[in-house]
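# Architecture and fold: a report
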Amino acid sequence: MSEKIRIAVLASGGGTNLQALIDAEHSGKIKNGEIVLVICNRKSAYAAERAKSAGIRAEIVTRKACGGQEGFEKRMIELLEEERADLIVLAGFLNILSNDFVRRYDHRIVNIHPSLIPAFCGEGFYGLVPHEAALERGVKVTGATVHFVNEVADGGEIIAQKAVEVLPGDTPEVLQRRVMEQAEWILLPAAVSQLCDEMSAER
Ligand code: GAR
């Protein structure tokens with residue numbers, strides 16, 4: 001059997017999407033991939049704890065410690081090469097990567113975004129913001145999107161989407177939780193699993 005696709009996950013916060021990936025790997029839903037590295041760009045990121053609990057190498061890399069975006073990306077590339085990462089998953093990673101970085105990993109970086117792209121996306125739309133914007137606009141359906149990352153924020157090729165109902169009385173927090181439960185935590189592992197299957201088949 002050929003070696004599994006080596007996955008690196010980049011996260012900034014709580015890491016519930018990372019957890020969904022870890023759980024999917026453990027339960028065998030992701031058959032052809034293994035998470036080998038988690039990089040967090042915030043010291044407080046709970047995602048790093050989740051990685052360590054699962055026995056996955058976790059590294060904190062901050063822009064500040066690296067003297068800016070260039071040094072930050074250089075260090076990430078070192079780690080990605082050290083771990084021979086094939087696929088990079090942005091799971092709540094709130095840093096905009098440079099064009100050079102994105103081009104280096106063309107069609108090898110995927111992101112999960114908490115809306116149905118092209119709605120409520122682009123620079124500044126992260127965390128609660130897409131949900132606040134969805135409620136403000138009064139849409140009845142929102143959801144999540146997994147897409148390849150290119151030079152345009154949230155502009156890369158769409159891989160998968162899942163719709164979620166907006167209900168009367170929703171707050172941004174309630175809607176965020178529903179989108180995570182009903183879309184993100186299902187969609188991201190499924191898309192990563194499918195990509196790993198495709199990448200393995202191409203080997
Ligand atoms: C998730 O809702 C993810 O879709 C979003 O941040 C949250 C991270 O949660 N990402 C973005 O908004 C990117 N533009 P998590 O740390 O618990 O996975």
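Rules of the game
Residues numbered from 1 in each chain as written. Predicted model: local features only at pLDDT ≥ 70, side-chain atom pairs only at ≥ 80, totals over all residues. Heavy atoms only, no water. Helix = DSSP H or I, 4+ residues; strand = E, 2+ residues; numbered from the N terminus. Buried < 20%, exposed > 50% of the residue type's maximum accessible area, 1.4 Å probe, protein only. Arc of directions from axis to C-beta. Contact = heavy atoms within 4.5 Å. 1 Å grid on protein atoms, 1.4 Å probe; cavity = no way out; pocket = protein on both sides within 12 Å on 5 of 7 lines; lining within 4 Å. Points joined across faces, edges and corners; volume = space filled by probe spheres on them. Nonpolar A, V, L, I, M, F, W, Y, C, P; charged D, E, K, R; others polar. Near = heavy atom within 4 Å. Polar contact = N/O pair within 3.5 Å; in protein donor to acceptor, adjacent residues only side chain to side chain. Sits in = over half its atoms within 2 Å of the grid points. Salt bridge = Lys/Arg side-chain N within 4 Å of Asp/Glu carboxyl O. Disulfide = S-S within 2.5 Å. Pairing = 2+ DSSP bridges. Axes fitted to C-alpha atoms, helices over the stretch in contact; angles between N-to-C directions.

### Things to note about the environment of aspartate 100
In this structure, aspartate 100 sits in helix H5 (residues 99-104). Accessibility expressed as a relative area gives 59% for aspartate 100, which makes it exposed. Along the chain, aspartate 100 and glutamate 70 lie 30 residues apart, while their C-alpha atoms are 9.8 Å from each other.

### Observations concerning helix H2 (residues 46-53)
Among the residues of H2, Ala47, Ala48, Arg50 and Ala51 are the ones counted as buried. Seen end-on, H2 carries its buried residues on one side only, within an arc spanning 160 degrees. Buried residues along H2 sit against strand E1 (5-11), helix H1 (16-26), strand E2 (33-40) and strand E3 (57-60). Once H2 finishes, glycine 55 follows within two positions and takes phi at roughly 75 degrees, a positive value.

### Side note on the layout of surface pockets
Empty space left among the atoms is revealed by rolling a probe the size of a water molecule over them. Here the largest pocket defines a volume of roughly 760 Å³. Along its surface, the largest pocket is lined by 36 residues, and Gly92, Phe93, Leu94, Asn111 and Tyr126 are the ones closest to its centre. Contributions of two or more residues to the lining of the largest pocket are made by H1, strand E5 (109-113) and helix H7 (172-201). Tallied by class, the residues present in the lining of the largest pocket amount to 15 nonpolar, 17 polar and four charged. Taken as a whole, the second largest pocket encloses approximately 160 Å³ of empty space. As for the second largest pocket, its lining consists of Ala20, Asp23, Ala24, Lys29, Ile30, Trp185, Ile186, Pro189, Ala190 and Ser193. When residues of the lining of the second largest pocket are traced back to their parent elements, those giving at least two are H1 and H7. At five residues, the largest contribution of residues to the lining of the second largest pocket is made by H7.

### Things to note about the site of the ligand
In the vicinity of the ligand, 14 residues are found, and the nearest of them are Gly15, Thr16, Asn17, Gly127 and Glu184. In the model, an oxygen atom of the ligand is placed 3.4 Å from a nitrogen or oxygen of the glycine 14 main chain. Separating a nitrogen atom of the ligand from a side-chain N or O atom of histidine 113 is a distance of 3.3 Å. Among the detected pockets, the ligand sits in the largest pocket. Listing elements by their share of the shell around the ligand, those giving two or more residues are H1, E5 and H7. The residue inventory of the shell around the ligand, partitioned by class, reads five nonpolar, eight polar and one charged.

### Brief notes about the pattern of salt bridges
In total, this model carries 15 salt bridges according to the counting rule given. In this structure, aspartate 86 engages arginine 203 in a salt bridge whose closest nitrogen and oxygen atoms are separated by 3.1 Å. With aspartate 86 in the loop between helix H4 (69-82) and strand E4 (87-90) and arginine 203 in the segment after H7, the pair connects residues that are 117 residues apart, well separated along the chain. Classification of aspartate 86 as buried rests on a relative accessible area of 17%.

### Some thoughts on the state of the cysteines
Formally, a disulfide is one covalent bond, and it connects the sulfur atom of one cysteine to the sulfur atom of another. Here the structure, examined in full by the defined rule, presents zero disulfides. For cysteine 40, which is in no disulfide, the shortest distance to another cysteine sulfur is to cysteine 66 and amounts to 14 Å.

### With respect to the sheet that holds E1
An order of E3-E2-E1-E4-E5-E6-E7 is seen for the seven strands of this open sheet, with the pairing classed as mixed. Two strands close off the open sheet at either side, each with one partner strand: E3 and strand E7 (158-165). Looking at each pair of strands side by side, their axes are set apart by 20 degrees on average, direction ignored. Inspection of the sheet shows E4 paired to E5 by three bridges, in the parallel sense. Within E5, the position partnered with leucine 90 by the bridge is asparagine 111.

Honestly, that's just the spatial picture; any functional story needs more than this.
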